[in-house]
Amino acid sequence: MVRMIASHALLISLLPGIALCARLETPPQGQAVEAVKVSAQGAIVTPSREQDLFLLKFPAGHGKPAATFSFKEIDINDRLGLALDIKNTSRKPVRVYADLNGNIWARGFAVVEPGKTGTLYVFAPRKKLAAADVEKFSGMHGLPGGRMSLWDGIDEPIRASALKVFVIAGEQTASVQIGNIRPFGSSKTPDPSGVYPFIDKYGQYKHNDWPGKVHSDMDLKASLEREDADLAAHPGAPGLTQYGGWADGPKLKATGHFRVEKSNGKWWFVDPEGRLFWSNGVDCLNFSDVTRIQGRESYFEDPAPGGNFLIRNLETKYGADWRAVATERDLRRLKSWGLNTIGAWSDPEFTGKKKVPYTAILSSHLSAQNGPGVKAWEDNLRGVMQRAGLTMNDDPWCIGFFVDNELHVSTDPAWFELYYRTVATLAKEYLPNKLYLGSRLDFHEWPDEPQAKQEIVRHAAKYCDVVGFNLYRFTVEDLILPAGVDKPVIIGEFHIGALDRGLFHTGLRSVIDQSQRAEAYRLYVTSALENPVIVGAHWFKIYDEPTTGRYDGENYQIGFLDGCDTPYPETVAAVREIGYKLYSIRSKKKQRPQ
């Protein structure tokens, strides 16, 4: 388990008075479930002398040894989810995961030190919000009170009947005690009559308070002064090239552009100067997220023009020239935090500064009727590639480009082979100096996916320079490519969020508070750095989504910065810790995908 280094000063400087490492209070805690039965799937289960306490031993090796705890069904529709206590009886820290009702999107994790007991929280997103809830609070995936929807969540009413507890097997056996499986938290939509308006002039939830909340324009100015001192104290990681490559590492062939090469058994990017480079990035450097005002006027105390509260806050904070000032500040933040890549969905005002390498994303405008083998689609793609080549092909700051995102037009591997072959052919014609980074496959349980998806990945590896995945999970330590495939992998999106700082949805992976969010970030990126096939990972995204939802209803707490342009100090401390140790972590000898 990676330890936080020098983070207390950041927490104190950015959020005076915050309780360090405090857990979110989660009352009410429910009664423990009854009639627990356990079935093993690779784990060794031993009942304890104490009722409803079980001893689990997870063998060393590969795979995901597990045990499923089944129990008398309980109604948790008005709860946040289930919690369980875990005592680590091993000699080393253990990371334990749990899925509710067999749903991979209702998953939690906990890291427990030897001899200690910790609590693992599993949030229960619902597949669809009830009509009565939508009528009260429309256009949002997460609602005041704790209810969250997700496309593959659990059908309402949510009834819990099983928890699958597992680890990712490592080099040593792990042993834990499991017990006290119980509901936690409250998930009840409030009565609008006592809540409206519930959004303040800064775009924040009115009816709660939390560390870092903005209560006045003076708070925006004060946060600016505190962060100025923090950025001055942390100008950036030492020992890097101008592109963020490893200046103190091996010198390889320099081509003036980014490329990939395998060195000492690990895949790497190589920067234009010939230095090894690992892409540590963040997506969506832009100020464009807006929320819908029309038809929801009663939600807002003082609606922002165009529904963009972020822009109004930036203008208040930085003045009339806010856009130029905020752009430069975000670029300075990236350097200070140890991030070396501007990820997808970012605006040219960031990528065009030639200060931080970037990855672009292009759209081929696929549809069910328009795709590979269709002349109109290929002609359009040719135009997209040609236009991109005019600005990107000779730009040394451009690492490469994705084409499309999370394709769902087809599940046929043969379709994908034609698709990747067509894109790769045109890429070589119009963007020969840039890397083709794939289509950001959303195979979130990879490599535990069906055979058809295995074949799709084989086709991607055949034609792409780097295979791109979006992987919303807690670790990528077990990521491997199909047998016989040897290509680098880049992670285009991942994130983790919590409910303790005013937003109503955690995003695609949920943790209990900002302390665990920082822990989850460190563990994820470290697992990517220690995996020899992964050459980069990009967090989605730099700013939180609007409290009342963006165009599609997403209102996730997933930023490094909130909607008032205030950094989340716990997460930033973790980002900086990893960013400053990026190449020492990547270059260490232990390189074993689990």
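Residues numbered from 1 in each chain as written. Predicted model: local features only at pLDDT ≥ 70, side-chain atom pairs only at ≥ 80, totals over all residues. Heavy atoms only, no water.

### Topic: the overall build of the chain
The secondary structure content of the chain amounts to 12 helices and 21 strands. Here the C-alpha radius of gyration of the chain, 24 Å, is about what a compact globule of 594 residues would show, namely 25 Å. For the chain, the C-alpha atoms occupy an extent of roughly 65 × 55 × 55 Å along the three principal directions. Residues counted as buried form 60% of the 594 residues belonging to the chain. For the chain, the share of sequence-separated contacts (at least 6 apart) that also reach a separation of at least 24 residues comes to 73%. About 22,800 Å² of surface is accessible on the chain, with carbon and sulfur atoms providing 51% of the total. When the 71 positive and 71 negative side-chain charges of the chain are each reduced to one mean point, those points stand 5 Å apart. (Helix = DSSP H or I, 4+ residues; strand = E, 2+ residues; numbered from the N terminus. Rg over C-alpha atoms; globule rule 2.2 N^0.38 Å. Buried < 20%, exposed > 50% of the residue type's maximum accessible area, 1.4 Å probe, protein only. Contact = heavy atoms within 4.5 Å. Areas by Shrake-Rupley, 256 points an atom, 1.4 Å probe, with all protein chains shown as cover. Lys, Arg positive; Asp, Glu negative; His and termini not counted. Charge placed at Lys NZ, Arg CZ, Asp CG, Glu CD.)

### Re the confidence of the model for the chain
Predicted confidence across the chain gives a mean pLDDT of 94, with 94% of residues reaching 70 or more. Within the model, the stretch residues 1-24 combines pLDDT values under 50 with 57 contacts to residues more than four positions away or in other chains. (pLDDT = per-residue confidence, 0-100.)

### A few points about the pattern of salt bridges
A side chain of one charge can pair with a side chain of the opposite charge when the charged atoms of the two come close. Applying the stated rule across the entire model yields 44 salt bridges. For the salt bridge of Arg95 with Glu477, the shortest nitrogen-to-oxygen distance reads 3.6 Å. Residue Arg95 is found in strand β6 (residues 94-100), and its partner Glu477 is found in the loop between β19 (467-470) and β20 (489-493); the two are separated by 382 residues along the sequence. Relative accessible area serves as the criterion here: at 17%, Glu477 is assigned to the buried category. (Salt bridge = Lys/Arg side-chain N within 4 Å of Asp/Glu carboxyl O.)

### Notes on the nonpolar core
Ranked by size, the top nonpolar core spans 112 residues in total, and within it Trp278, Met385, Phe401, Tyr419, Tyr420, Phe469 and Tyr521 carry the most contacts. Ranked by the residues each element gives to this core, the list is headed by helix α8 (residues 413-430), at 9 residues. Beyond its immediate chain neighbours, meaning those up to four positions away, Met385 contacts Leu362, Phe401, Val403, Val423, Leu426, Ala427, Tyr430 and Leu431. Among the nonpolar cores identified, the runner-up in size contains 33 residues, and Val33, Ile86, Ala98 and Ala160 belong to it. (Core = buried A, V, L, I, M, F, W, Y, C linked by side-chain atoms within 4.5 Å.)

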